[in-house]
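Below are the chains, spelled out letter by letter.
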Amino acid sequence: MMKIKDVVALLDGSVITGIENNESSVDMAFASDLMSDVLTVKTDNLLLLTGLVNVQAIRTAEMSDITCVVFVRNKRVTEEMTTVARENRITIIQSPYSMYKASGILFEAGIQPVY
Amino acid sequence: MHFEFKVEGGNFSRAGFPSSEVKKRLKQLNVDGSVIKRTVVALYEAEVNIVAHAYSGVISVDIDAGKIIITLADEGPGIPDIRKAMEIGYSTATPEVREMGFGAGMGLSNMNSNADKLEITSEVGKGTTVVITNYFHE
């Protein structure tokens, strides 16, 4: 289990939405650009790492009860995405790191994989 | 309780709005969280299918004390072979749909695993109707 604010620090990230969730925690993480795959994950309290930057990534998080989405490689988040994220209290973090590096750091820090 | 949404084929920007509204209503009705998640995941997958494959569609939602029935009726090309479409990995999605993070041939089987009852009927050249039923209590 890890606090969102610690995820932000480890990934040298910026919080785009959901700064109020800084003290809440995530148990597990899943990294994918394939939303169809994300939608099959049954785990709750999940963090999603993705390089797919569109509103469907946020909608997928909403439907899957994912509370925190990390966009890797500093991909630009659109206003439409932040609007949907705010409505659903989803934290969006931007990280300069690649998906590989970000996943490795969080894995090493103890966030569990789903599979 | 009955309500409806119109879905526009190809409009990915709006995809997810009906699923989002259904999620809010079910939360207001204090439906169990795991039932809500299964229901909106199945609905969202079905909604994305209309946006990805059909020209237009209507989503009708009926909720009573024990269950939710969602009917998604689209006007579109239809599915020639539903059994084949249910196979994991089988997909006819366009590159545009794949760029949105879908179209990997996983949607129908995921709908099946998140619905208590899933009925699909289709007529080639006319359209497809999907009915998702989920019960609030076991």
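Our subject in this report is the structure included herewith. It should be emphasised that the depicted structure is a prediction, and the values quoted were computed from it without experimental measurement.

A word on the pattern of salt bridges
Move 1: Tallying each qualifying case throughout the model produces eight salt bridges over all chains.
Move 2: With its nearest N and O atoms 2.7 Å apart, the salt bridge here joins Asp 65 of chain A to Lys 23 of chain B. Within this pair, whereas Asp 65 of chain A is found in the loop between α3 (55-63) and β6 (68-71), its partner Lys 23 of chain B is found in helix α1 (residues 17-28), the two belonging to separate chains.
Move 3: The buried category is assigned to Lys 23 of chain B, whose relative accessible area is 8%.
Move 4: For Glu 21 of chain B, the salt bridge is made with Lys 24 of chain B, and the minimal N-O distance between the two is 3.2 Å. Of the two residues, Glu 21 of chain B and Lys 24 of chain B are both situated in helix α1; the distance of three residues between them amounts to about one turn of the helix.
Move 5: What you see here is one network of salt bridges that share partners, running through Lys 3, Lys 5 and Glu 23 of chain A.

Quick word on the sheet that holds strand β2 (residues 56-63) of chain B
Residue and element names in this part refer to chain B.
Move 1: With respect to topology, five strands assemble into an open sheet ordered β1-β2-β3-β5-β4, the strand pairing being antiparallel. Every other strand in the sheet has two partners, leaving β1 (2-8) and β4 (117-123) as the edge strands with one partner each. Averaged over all pairs of adjacent strands, the angle between strand axes in this sheet comes to 10 degrees, irrespective of strand direction.
Move 2: The sheet contacts of α1 involve β1, β2 and β3 (67-75), and relative to β1 the element is tilted by about 160 degrees.
Move 3: Its contacts with the sheet place helix α2 (residues 33-53) against β1, β2, β3 and β5 (127-135), and it is angled at close to 5 degrees to β3.

Comments concerning the packing of aromatic side chains
Move 1: Enumeration over the complete set of coordinates arrives at four aromatic pairs over all chains.
Move 2: The interplanar angle of 90 degrees and the centroid separation of 5.7 Å between the aromatic rings of Phe 3 of chain B and Phe 5 of chain B together place this pair among those described as edge-to-face. Summarising the burial analysis for this pair, Phe 3 of chain B and Phe 5 of chain B share the class buried.
Move 3: Judged by centre distance (6.0 Å) and plane angle (75 degrees), the ring pair of Tyr 44 of chain B and Phe 102 of chain B falls under edge-to-face. Of this pair, Tyr 44 of chain B sits in helix α2 while Phe 102 of chain B is found in the loop between α4 (95-99) and α5 (107-114), placing the two residues 58 residues apart along the sequence.
Move 4: An aromatic cluster of at least three residues, connected via ring pairs, comprises Phe 3, Phe 5 and Phe 17 of chain B.
Move 5: Just above the ring of Tyr 97 of chain A sits the side chain of Lys 101 of chain A; from NZ or CZ to the centre is 4.2 Å.
Move 6: Above the ring of Phe 3 of chain B, the side-chain terminus of Arg 25 of chain B is found at 4.1 Å from the ring centroid.

Some thoughts on the sheet that holds strand β4 (residues 28-31) of chain A
Residues and elements named next belong to chain A.
Move 1: The strand order β2-β7-β6-β5-β4-β8 describes an open sheet built from six strands, whose pairing is mixed. In this open sheet, the two strands that pair with only one neighbour each are β2 (14-17) and β8 (112-113).
Move 2: Relative to β8, β4 runs parallel, the two sharing two bridges. Looking at the pairing, Ala 29 lines up with Pro 113 of β8.
Move 3: Contacts from helix α5 (residues 99-108) reach β4, β5 (46-50) and β8, with the element oriented near 155 degrees to β5.

What about the environment of Arg 38 of chain B?
All names here are of chain B.
Move 1: Within the secondary structure layout, Arg 38 lies in helix α2.
Move 2: The exposure class assigned to Arg 38 is partly exposed, which follows from its relative accessible area of 25%.
Move 3: For Arg 38 and Met 111, which are 73 residues apart along the polypeptide, the C-alpha to C-alpha distance reads 8.6 Å.
Move 4: Residue contacts for Arg 38: discarding those within four places in its chain leaves Ser 113, Asn 114, Ala 115, Asp 116 and Asn 134.
Move 5: A distance of 3.5 Å separates a polar side-chain atom of Arg 38 from the backbone oxygen of Ser 113.

Calculation criteria
Each chain has its residues counted from 1, running along the sequence as written. Numbering of ligands from 1 and lettering of chains from A proceed in the order in which they are written. Only residues with pLDDT of at least 70 get local features here, since the model is predicted, and only at 80 or more are side-chain atom pairs given and counted; chain-wide, interface and lining totals rely on the full set of residues. The basis for every side-chain value is the complete set of non-hydrogen atoms in the structure, without hydrogens or water. By salt bridge we mean one thing: a side-chain nitrogen of Lys or Arg within 4 Å of a carboxyl oxygen of Asp or Glu. For the purposes of this entry, the term helix denotes a DSSP run of H or I that reaches at least four residues, the term strand denotes a run of E that reaches at least two, and both are numbered from the N terminus. Here's how the labels work: a residue is buried when its accessible area is under 20% of the maximum for its type, exposed when over 50%, partly exposed in between, all with a 1.4 Å probe on protein chains only. At least two DSSP bridges between two strands are required for those strands to pair. Lines fitted to C-alpha atoms define the axes here, with helix axes fitted over just the stretch in contact, and angles between the N-to-C directions of these axes take values from 0 to 180 degrees. Note on definitions: a residue-residue contact is assigned when non-hydrogen atoms from the two residues lie within 4.5 Å. Stacked, tilted and edge-to-face are the three classes applied to pairs of Phe, Tyr and Trp rings, where Trp contributes its six-membered ring and a pair requires centres within 6.5 Å; stacked means planes under 30 degrees apart, edge-to-face means over 60, and tilted covers the rest. A ring has a charge above it when a Lys NZ or an Arg CZ is no more than 6 Å from the ring centre and no more than 35 degrees off the ring normal. Pairs of N or O atoms are called polar contacts if they sit within 3.5 Å, as long as, within protein, a hydrogen donor faces a hydrogen acceptor (for residues adjacent in sequence, only side-chain-to-side-chain pairs).

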